[in-house]
Amino acid sequence: MPTASDTTETTKAASAGPSGNGGTPPGRGVQRGRRKPEFTARRGFLIAAFMAPAAVFVAVFTYYPMIAGSQMAFRNWKLTDLTDTSWVGLKNFRDVFADPAWGTVLGNTGIWVFGSIVPQLVIGFALALWLRKKFRFRGLYQALIFFPWAISGFLIGILFRWMFNSEFGVVNDLLQKVGLIDEPVAWLADPKTAMFAVVVANIWYGVTFFTIMILAALQSIPEELYEAAALDGAGKVRTLFQITIPYIRVTLALTVLLRVIWIFNFPDLIFGMTGGGPNNETHIVTTWMIKITQQGDYGRASALGLIVVATLLVFAVFFLLATREKREVKS
């Protein structure tokens, strides 16, 4: 039979808890006493030692070539005569703008960028809307559509060069069979059709990127919005322009801006198909810059490179502003 004293002792033990200090859970006193390690000179040297290889690599292979290439734009730097690398100021820039091919190259760049972006956006948006629906073998169709993005742009250019071949290309064969042309067309040898051919190839290559990005954005739209629109009697067109597009407009803007930057700085496909020919009719700014470099005029090529960098910086500013808007919308 327990006595009053036994009961008192039991109560004290229970209130003391396992640690015997008034119910404090084990380990809490240790956690309160734990302090962050002090930042000593030894720890600083250790962090710097780990970061040094990466910093040296970036400095040697990124920043030094950028600085060296930038100063070459203001010098008479030609591979045929390395004895005279004197300072010429803005002469290389004036030579770029005075070149007879500059107008053609600039026009081709505009056609290359905007002639590719609009069809890529429209076709990619349509494919994303289609892939958003649930149907049989949807995963297989997604894999087939996304596959081109894993292939090199230069290889895509070689593939389309064979397809547009005037003698045994599949494009001429199909067009002749359906009766659209009577005789083979020299797509890549004719200045009137060469730029059209490379733009078609770029459209095919870039549709995948738009499809991936837009499909990911579409999957974030709540189904309740579409159900409410259906109850209100909204049709497909009204739902598209009042729900779908407004909901993903920021993603669309980011995708377009990012793709413009990539297409502007994407010479791979053109080199694979035409190499800039015939007669500079498919040269864009970046392919023309590479051609000038191959000719040994490093000063003029560097000046053209700075023009490309300045243009891309403008698009990068717009991209950062659009990204900030997206963060503000989420918050």
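Calculation criteria
Residues numbered from 1 in each chain as written. Predicted model: local features only at pLDDT ≥ 70, side-chain atom pairs only at ≥ 80, totals over all residues. Heavy atoms only, no water. Helix = DSSP H or I, 4+ residues; strand = E, 2+ residues; numbered from the N terminus. Contact = heavy atoms within 4.5 Å. Areas by Shrake-Rupley, 256 points an atom, 1.4 Å probe, with all protein chains shown as cover. Core = buried A, V, L, I, M, F, W, Y, C linked by side-chain atoms within 4.5 Å. Buried < 20%, exposed > 50% of the residue type's maximum accessible area, 1.4 Å probe, protein only. Phe/Tyr/Trp six-rings, centres within 6.5 Å; stacked < 30°, edge-to-face > 60°. Axes fitted to C-alpha atoms, helices over the stretch in contact; angles between N-to-C directions. Parallel < 35°, antiparallel > 145°, perpendicular 65-115°, else oblique. Left-handed = near helix turned anticlockwise from the far one by under 90°. Nonpolar A, V, L, I, M, F, W, Y, C, P; charged D, E, K, R; others polar. Salt bridge = Lys/Arg side-chain N within 4 Å of Asp/Glu carboxyl O. Expected span 1.5 Å × (residues − 1).

A look at the overall build of the chain
Okay, step 1: A tally of regular secondary structure across the chain gives 15 helices and 0 strands.
Okay, step 2: Nonlocal contacts in the chain, meaning residues at least 24 apart in sequence, comprise 67% of its contacts between residues at least 6 apart.
Okay, step 3: Total accessible area on the chain is roughly 20800 Å²; 65% of this is exposed by carbon and sulfur atoms.

Thoughts on the nonpolar core
Okay, step 1: Counting residues in each nonpolar core, the largest one holds 56 residues, and the members touching the most others are Trp112 and Met273.
Okay, step 2: The element best represented in this core is helix 9 (residues 191-218), accounting for 13 residues.

Things to note about the packing of aromatic side chains
Okay, step 1: By the definition in use, this model includes 14 aromatic pairs.
Okay, step 2: Between the aromatic rings of Phe164 and Trp187, the centroid separation amounts to 5.8 Å while the plane-to-plane angle is 70°, which identifies the pairing as edge-to-face. Linking Phe164 in the loop between helix 7 (153-163) and helix 8 (170-177) with Trp187 in the loop between helix 8 and helix 9, this pair joins segments that are 23 residues apart in sequence.
Okay, step 3: Exposure remark for Trp187: the relative accessible area of 11% places this residue in the buried category.
Okay, step 4: Among the aromatic residues, those joined into a cluster by ring pairs are Phe160, Phe164, Trp187, Phe196 and Trp204.

A word on the packing of helix 5 (residues 102-132) against helix 9
Okay, step 1: In contact at an axis separation of 6 Å, helix 5 and helix 9 are set at 40° when each is read in the N-to-C sense. Relative to helix 9, the element helix 5 lies oblique. Regarding helix 5 and helix 9, the two cross each other, and that crossing is right-handed.
Okay, step 2: Of the residues assigned to the contact of helix 5 with helix 9, the class counts are 20 nonpolar, 8 polar and 1 charged.

What about the side chain of Asn108?
Okay, step 1: Mapped onto the secondary structure, Asn108 falls in helix 5.
Okay, step 2: A relative accessible area of 6% places Asn108 in the buried class.
Okay, step 3: Once residues lying within four places of it in the same chain are set aside, the contact partners of Asn108 are Met195, Asn280, Glu281, Thr282, His283 and Ile284.

With respect to unusual backbone geometry
Okay, step 1: Cis geometry marks the peptide bond from Gly277 to Pro278, where omega comes out at 0°.
Okay, step 2: Within the fold, Pro278 resides in the loop between helix 13 (268-273) and helix 14 (285-294).
Okay, step 3: Positive phi is not limited to glycine here, since Asn279 has a value of about 55°.
Okay, step 4: Within the fold, Asn279 resides in the loop between helix 13 and helix 14.

Things to note about the pattern of salt bridges
Okay, step 1: Summed over all chains, the structure comprises 5 salt bridges.
Okay, step 2: Put simply, Lys91 and Asp95 hold a salt bridge, and the shortest N to O gap is 2.9 Å. Here the residue Lys91 and the residue Asp95 both occupy positions in helix 4 (residues 91-98), the gap between them amounting to 4 residues, near one helical turn.
Okay, step 3: Glu223 is paired through a salt bridge with Arg132; the nearest N and O atoms lie 3.1 Å apart.

Let's talk about helix 11 (residues 236-247)
Okay, step 1: Between the first and last C-alpha of helix 11 there are 15 Å, a value that for 12 residues agrees with the 16 Å anticipated at 1.5 Å per step.
Okay, step 2: In this structure, the buried side of helix 11 is in contact with helix 5, helix 9 and helix 10 (223-231).

Focus: the environment of Thr104
Okay, step 1: Topologically, Thr104 is positioned in helix 5.
Okay, step 2: Here Thr104 falls in the partly exposed class, since its relative accessible area comes to 30%.
Okay, step 3: Setting aside anything within four residues of it in sequence, one finds Thr104 in contact with Asn280 and Glu281.

Quick notes on the side chain of Arg300
Okay, step 1: Positionally, Arg300 belongs in helix 15 (residues 298-330).
Okay, step 2: Filtering out sequence-adjacent residues up to four positions away, Arg300 remains in contact with Asn92, Asp95, Val96, Asp99, Trp288, Ile292 and Gln295.

Comments concerning the packing of helix 7 against helix 9
Okay, step 1: Interhelical geometry of helix 7 versus helix 9 gives an angle of 130° and a closest axis separation of 10 Å. On the basis of the axis angle, helix 7 is oblique to helix 9. Of the two elements, helix 7 crosses helix 9, and the hand of that crossing is right-handed. Facing helix 7, whose interface residues are Gly153, Ile156 and Phe160, helix 9 presents Ala201, Trp204 and Tyr205.
Okay, step 2: When grouped by side-chain class, the residues that make up the contact of helix 7 with helix 9 number 5 nonpolar, 1 polar and no charged.

Examining the environment of Leu240
Okay, step 1: Note on placement: Leu240 falls in helix 11.
Okay, step 2: Once residues lying within four places of it in the same chain are set aside, the contact partners of Leu240 are Phe125, Leu129, Ile245 and Pro246.

These values are about where atoms sit, not about what they do.
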